[in-house]
Amino acid sequence: MKLPPFEYASPRTLQEATTLLSKHNGDARPIAGGQSLLPLMAFRLAAPSLLVDLANIPGLDRIEIRDDGVHVGALTRWCQIEADRRLTAAHPLLSEAVKHIAHYQIRNRGTIGGSLAHADPAAEMPALAITCGAEITIAGAKVSRVLAAKDFITGPLETALEPGEVITSIRFPKWRSHRRWAFQEFSKRRGDFALGGVALHFDEDAQGHASEVHIGVFGTGDTPGRLSAAEEFVRGKKVDAGLAQAAGNIARSAVRVASDMHAGAAYRQALIGTLIERALVEAASRAIEE
Ligand SMILES: Cc1cc2nc3c(=O)[nH]c(=O)nc-3n(C[C@H](O)[C@H](O)[C@H](O)COP(=O)(O)OP(=O)(O)OC[C@H]3O[C@@H](n4cnc5c(N)ncnc54)[C@H](O)[C@@H]3O)c2cc1C
C-alpha cells in the first residue's frame, strides 16, 4: 500500500530536529528505522504531514559502558546491540533480549529509541527497560528531561513524550557481577511478535537466597510491567525447580491479561506462568563465572 503524502526533513542537529517537530504542533513525527512508523502510515493509522529523519544527527547511535551502567543512544539499531560483544558481560540480559526481536532484516534497521517511543505492549524492549529500571533521556526544543521507563510507557502505543520531544538515550543501570537472569518468550513463528514473554534477574546472598528480584512480563495487556506478587514470593528464598513452579502458579493467578485475535486470556495466563517457571529454572542453573 502506498504511503499518504508527507514532507521530509533531514536535520543535522538535535536542536534543529526538536525545533522542527515542535513548530508543527504534533503533526510532525520523528522517524528512525521506519520499521513501525512506515507500516502505520501504509495502513493509514498515522498520517503525519512532516517526517523528521533523525538518522543524520551525529552521536545518537553509540553504546557506552560507564560506571553507572550501559548508555545506549536512541538511534542504535538492534543489530549493533546484538553484535556488541562487550554487552555479554556488561548487560547479558539486554544482549539476549535483542536476539528475540523481529527478523534480521528488521533488526538491521529498527532502533531502540523507535521501539520505546512506539510502545507496543508486545514488544521486548519496553518490558526490558521497565524490568531493569532503565532511564530514558528526552530532549525537547527548550529543555531535556530524564524519565524512569515505568513512567515513560503510559498505555498501549502511548508514552509520556510531548509533541516536539525526542528520545536521545537509554541508561540501563550497572549490571552486578554474579547476577542471575533469563529471558523467555513464545511466538507462533520465530520473528513474530511474542504472545507473551518474561525478562527477569535477581541477585543471591551468601546463603544463595534471592534478593533484588525483578520479574517483568509483556504481551499480556495494555502495557508491560513487573509482576510484584511473583517477585515478593521469590525474594529471600533459594530458587530451585520447586520454587520456580510455585512462582509460576502465583504468576498465573496474579497476571492481568487480555484476549485478542492471537490468543485468549486463559491461554496467556498459563503461558506467563510457564515462562516464569522456565526462566527461574534457567537463571538458577546458569553457570556463573567467578
Ligand atoms: C514484520 C515485523 C515484525 C516485528 N517484530 C517485532 C518484534 O518481535 N518485537 C518488537 O519489539 N518489534 C517488532 N517489530 C517492530 C520494530 O522492530 C520496532 O518497533 C522498530 O524497531 C522501532 O524502531 P524504528 O527505529 O524502526 O522506529 P520508527 O518506525 O522509525 O518509529 C516508531 C515510532 O517511534 C517514533 N520515534 C522513533 N525514534 C524516536 C526517537 N528517538 N524519539 C522519539 N520518537 C521516536 C516515531 O515517530 C514513531 O512514532 C516488528 C516490525 C515488523 C515490520
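What counts and what doesn't
- Residues numbered from 1 in each chain as written.
- Predicted model: local features only at pLDDT ≥ 70, side-chain atom pairs only at ≥ 80, totals over all residues.
- Near = placed C-beta within 6 Å.
- Helix = DSSP H or I, 4+ residues; strand = E, 2+ residues; numbered from the N terminus.
- Nonpolar A, V, L, I, M, F, W, Y, C, P; charged D, E, K, R; others polar.
- Domains from an automatic or database assignment.
- Buried ≥ 20, exposed ≤ 12 C-beta atoms within 10 Å, placed from the backbone.
- Arc of directions from axis to C-beta.
- Contact = placed C-beta atoms within 7 Å.
- Pairing = 2+ DSSP bridges.
- Axes fitted to C-alpha atoms, helices over the stretch in contact; angles between N-to-C directions.

### Notes on the site of the ligand
Right, so step 1: Taken together, the neighbourhood of the ligand is formed by 30 residues, with G33, Q35, G110, G114 and A123 sitting nearest.
Right, so step 2: Taken together, the elements giving at least two residues each to the shell around the ligand come down to strand 2 (28–31), helix 2 (37–42), helix 7 (112–118), helix 8 (124–131) and strand 10 (166–173).
Right, so step 3: Of the residues contributing to the shell around the ligand, the split by class is 17 nonpolar, ten polar and three charged.
Right, so step 4: Residue assignment places the shell around the ligand across two domains, with domain 1 (7–53) and domain 2 (63–173) each supplying three or more.

### Digging into helix 1 (residues 14–23)
Right, so step 1: For helix 1, the set of buried residues is A17, T18 and L21. Looking down the long axis of helix 1, one finds its buried residues gathered within 90° of arc, a one-sided arrangement.
Right, so step 2: Looking at the buried positions of helix 1, the neighbouring elements they touch are strand 2, strand 3 (50–53), strand 6 (135–139) and strand 10.
Right, so step 3: N25 occupies a position one or two residues after helix 1 and carries a positive phi of about 55°.

### Considerations on the sheet that holds strand 7 (residues 144–148)
Right, so step 1: In spatial order, the strands read 4-5-10-6-7; together these five strands make up an open sheet with antiparallel pairing. Only two strands of the sheet have a single neighbouring strand rather than two, namely strand 4 (63–66) and strand 7. Neighbour-to-neighbour, the strand axes of the sheet open up by a mean angle of 20°, direction not taken into account.
Right, so step 2: Here strand 6 runs beside strand 10; their pairing, made up of five bridges, is antiparallel.

### Here we look at the domain arrangement of the protein chain
Right, so step 1: Parsing the protein chain into structural domains produces domain 1 (7–53), domain 2 (63–173) and domain 3 (195–284).
Right, so step 2: The centre of domain 1, based on its C-alpha atoms, is set 19 Å off from the matching centre of domain 2.
Right, so step 3: Listed by partner, the interface residues are 14 residues for domain 1 and 16 residues for domain 2.
Right, so step 4: Per element, the largest residue contribution to the side of domain 1 that touches domain 2 is six residues, and it comes from helix 1.
Right, so step 5: The residue makeup of the side of domain 1 that touches domain 2, split by class, is five nonpolar, nine polar and no charged.

### Let's talk about the environment of H201
Right, so step 1: Within the fold, H201 resides in strand 12 (residues 196–204).
Right, so step 2: Judged by local crowding, H201 falls into the buried class, with 22 C-beta atoms found within 10 Å.
Right, so step 3: Residues H201 and A182 lie 19 residues apart in sequence; the distance between their C-alpha atoms is 6.6 Å.
Right, so step 4: Residues in contact with H201, not counting those within four places in the same chain, are L93, R179, R180, W181 and H214.

### What about unusual backbone geometry?
Right, so step 1: Positive phi, normally seen in glycine, also occurs at A119, with a value near 55°.
Right, so step 2: Locating A119 in the fold gives a position in the loop between helix 7 and helix 8.
Right, so step 3: The phi dihedral of E212 falls on the positive side, at around 45°, and the residue is not glycine.
Right, so step 4: Mapped onto the secondary structure, E212 falls in strand 13 (residues 210–218).
Right, so step 5: C-beta crowding within 10 Å serves as the criterion here: with 13 such atoms nearby, E212 is assigned to the partly exposed category.

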